[in-house]
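# Inside the fold
Listed below, chain by chain, are the residues.
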Protein chains: 2
Amino acid sequence: MRPSLHEPPTPLAERLAHSGLRNTPQRELIYRALLEKRDHPTADEVYSRVRAEMPSISLATVYNCLETLVQCDLVRQVNFERGPARYCPNLHPHAHFHDEKSGATHDIELPADVLERIRALLPPGYSARAIEITFHGQMPAAQPTQSAA
Amino acid sequence: MRPSLHEPPTPLAERLAHSGLRNTPQRELIYRALLEKRDHPTADEVYSRVRAEMPSISLATVYNCLETLVQCDLVRQVNFERGPARYCPNLHPHAHFHDEKSGATHDIELPADVLERIRALLPPGYSARAIEITFHGQMPAAQPTQSAA
DNA sequence: AGCGGGAATTGGAATAATTCCAAAGAAAGA
DNA sequence: TCTTTCTTTGGAATTATTCCAATTCCCGCT
């Protein structure tokens, strides 16, 4: 049967196939978990989130799948100084702001012209596959949302 | 006796004193080691370099001293994805280029105006204590230096 | 010189995050 | 169906770093 009738290929399935890899329930699940809550979770955090739905999954598999997703360019791995790696499904060029108080992380859009300016700093002959930009600092205290309470 | 006659206060001694810390042979030695070979060594590498001169020093002390130097703003800690931390005595604003072939690291000068452009990406209210920029890529194969050989 | 107290160093144990490994399980192709 | 290859899994191993308790050092004061 034509699988496309029942299961339109997800971007995930396509990317995997493109690399000669298989789509698996674990990979799907982990990718969906990342898309669902985009707060830059660690591998451990992903582990506990997906276990709700698939209690038998192992931490090693979480590491494996995350690595696979990174290989397929579906997910970015983000490293803050010394801490555990974090994962991010935002594929637009962006920097990260790391709040030193709360530990929270926010994406900062990175306009093409600024990125270009940065890339232009490289001496001739140097070529950059990836440019990582991280801000460390404080963000304004979250305004108490004007709610009815 | 006036110590300044014999021992003009080094920048290190000053910075330490400023933070209420003491200058010690270990701190001096480690700081000198960093200045001497600015190839962004890891703590382990620093350890083996300084042991040549002070065989009794311990790895824990190397970690302690490096941390102290970072606190005093005499040294920057540089983290590449997952690898051991590296240390850098260059205090000018600069980015790092990490060569994925050789693992070598080079400083890339960061002009104030570019830095300003980057800082300007932050939404209002956000303030950044530090901005980290890392290039990952390849540098040109080292040209065989035109030597007499 | 001697003393008291805080700071620093030291070795070794402990921790955290990740990777490795070998065995068992699925899936796809011939 | 049989074979091959890719995946997952649990647990052991590794790596980098931090923690800890016991000296040791150094400084100011007397």
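Our subject is the structure that appears above.
Residues numbered from 1 in each chain as written. Chains lettered and ligands numbered in written order. Predicted model: local features only at pLDDT ≥ 70, side-chain atom pairs only at ≥ 80, totals over all residues. Heavy atoms only, no water.

Take the protein's contact with DNA strand C next. Close to DNA strand C lie 17 residues, the nearest being Tyr63(A), Ala85(A), Thr24(B), Arg27(B) and Thr61(B). For DNA strand C, the fraction of protein-proximal atoms (within 4 Å) that sit in sugar or phosphate groups is 72%. In the environment of DNA strand C, a base nitrogen lies 2.8 Å from a nitrogen or oxygen atom belonging to the side chain of Arg22(B). One of the side-chain N or O atoms of Thr24(B) is found 2.8 Å from a phosphate oxygen in DNA strand C. Elements with a minimum of two residues in the surface near DNA strand C: helix 3 (25–36) and helix 5 (59–71) of chain B. Here the element with the most residues in the surface near DNA strand C is helix 5 of chain B; it accounts for four residues. Across the surface near DNA strand C, the residue classes tally to seven nonpolar, six polar and four charged. (Near = heavy atom within 4 Å. Polar contact = N/O pair within 3.5 Å; in protein donor to acceptor, adjacent residues only side chain to side chain. Helix = DSSP H or I, 4+ residues; strand = E, 2+ residues; numbered from the N terminus. Nonpolar A, V, L, I, M, F, W, Y, C, P; charged D, E, K, R; others polar.)

Below, the discussion takes up the interface of chain B and chain A. The partner chain A presents 39 residues to the 39 residues of chain B that form the contact. When the two sides are added together, the surface that chain B and chain A hide from each other amounts to roughly 3,200 Å², 57% of it contributed by carbon and sulfur. At the boundary of chain B and chain A, one finds four salt bridges. A salt bridge links Asp113(B) to Arg117(A), with the shortest nitrogen-to-oxygen separation between them at 2.9 Å. Taken together, the elements giving at least two residues each to the side of chain B that touches chain A come down to strand 4 (105–109), helix 6 (112–119) and strand 5 (127–138) of chain B. Per element, the largest residue contribution to the side of chain B that touches chain A is 12 residues, and it comes from strand 5 of chain B. Taken together, the residues of the side of chain B that touches chain A break down into 20 nonpolar, 10 polar and nine charged. (Contact = heavy atoms within 4.5 Å. Buried area = accessible area lost by both parts, 1.4 Å probe. Salt bridge = Lys/Arg side-chain N within 4 Å of Asp/Glu carboxyl O.)

Under the criterion given, the structure shown has four aromatic pairs over all chains. Taking the centre distance of 4.8 Å and the plane angle of 70° together, the rings of Phe97(A) and Tyr126(B) count as edge-to-face. Taken as a pair, Phe97(A) in strand 3 (residues 94–99) and Tyr126(B) in the loop between helix 6 and strand 5 lie in two separate chains rather than in one. Site record: aromatic cluster; members linked through ring pairs are Phe97(A), Phe135(A) and Tyr126(B). Geometry around Tyr47(A) places Arg51(A) over its ring, the cationic atom sitting 4.1 Å from the centre. (Phe/Tyr/Trp six-rings, centres within 6.5 Å; stacked < 30°, edge-to-face > 60°. Lys NZ or Arg CZ within 6 Å of the ring centre and 35° of its normal.)

We now examine the protein's contact with DNA strand D. Taken together, 16 residues are adjacent to DNA strand D, and Arg22(A), Thr24(A), Thr61(A), Tyr63(B) and Ala85(B) come closest. Here DNA strand D approaches the protein such that, of its atoms within 4 Å, sugar and phosphate make up 77%. Take Gln26(A): an N or O atom from its side chain is 3.2 Å from a sugar or linking oxygen of DNA strand D. A distance of 2.7 Å is found between a phosphate oxygen of DNA strand D and a side-chain nitrogen or oxygen belonging to Thr61(A). Taken together, the elements giving at least two residues each to the surface near DNA strand D come down to helix 3 (25–36) and helix 5 (59–71) of chain A. Here the element with the most residues in the surface near DNA strand D is helix 5 of chain A; it accounts for three residues. A breakdown of the residues in the surface near DNA strand D according to their chemical character gives six nonpolar, six polar and four charged.

Let us look at the sheet that holds strand 5 of chain B. Taken in spatial order, the six strands make up an open sheet running 4(A)-3(A)-5(A)-5(B)-3(B)-4(B), and their pairing is mixed. Sheet topology places strand 4 (105–109) of chain A together with strand 4 of chain B at the edges, where each strand pairs with a single neighbour. Taken pair by pair, the neighbouring strands of this sheet meet at an average axis angle of 25°, ignoring direction. Across 11 bridges, strand 5 (residues 127–138) of chain A lies against strand 5 of chain B in antiparallel orientation. (Pairing = 2+ DSSP bridges. Axes fitted to C-alpha atoms, helices over the stretch in contact; angles between N-to-C directions.)

Scanning all chains against the criterion turns up three cavities of 30 Å³ or more. For the largest cavity, the calculated volume is near 40 Å³. In this structure, the largest cavity is lined by Asn79(A), Phe80(A), Glu81(A), Glu132(A), Thr134(A), His136(A), Asn79(B) and Glu132(B). Considered class by class, the residues forming the lining of the largest cavity number one nonpolar, four polar and three charged. The residues that make up the lining of the largest cavity include at least three from each of domain 1 (1–91) and domain 2 (92–138) of chain A. (1 Å grid on protein atoms, 1.4 Å probe; cavity = no way out; pocket = protein on both sides within 12 Å on 5 of 7 lines; lining within 4 Å. Points joined across faces, edges and corners; volume = space filled by probe spheres on them. Domains from an automatic or database assignment.)

With that out of the way, let us pick up the relation of the copies chain B and chain A. Rotating chain B by 180° and moving it 0.0 Å along the rotation axis overlays it on chain A with an RMSD of 0.0 Å. Read as a symmetry element, the transformation amounts to a two-fold axis. For chain B, the smallest separation between a C-alpha atom and the rotation axis is recorded for Ile133(B), amounting to 2.3 Å. A share of 100% of interface residues in chain B that are also interface residues in chain A marks the association as one of identical surfaces. (Least-squares fit on C-alpha atoms with pLDDT ≥ 70 in both.)

Residues and elements named next belong to chain B. Two numbers describe how helix 3 lies on helix 5: the axes approach to 10 Å, and their chain directions differ by 75°. In this view, helix 3 runs roughly perpendicular relative to helix 5, as classed from their interaxial angle. Seen from helix 3, the contacting residues are Gln26, Arg27, Ile30, Tyr31 and Leu34; seen from helix 5, they are Thr61, Val62, Cys65, Leu66, Thr68 and Leu69. Of the residues assigned to the contact of helix 3 with helix 5, the class counts are seven nonpolar, three polar and one charged. (Parallel < 35°, antiparallel > 145°, perpendicular 65-115°, else oblique.)

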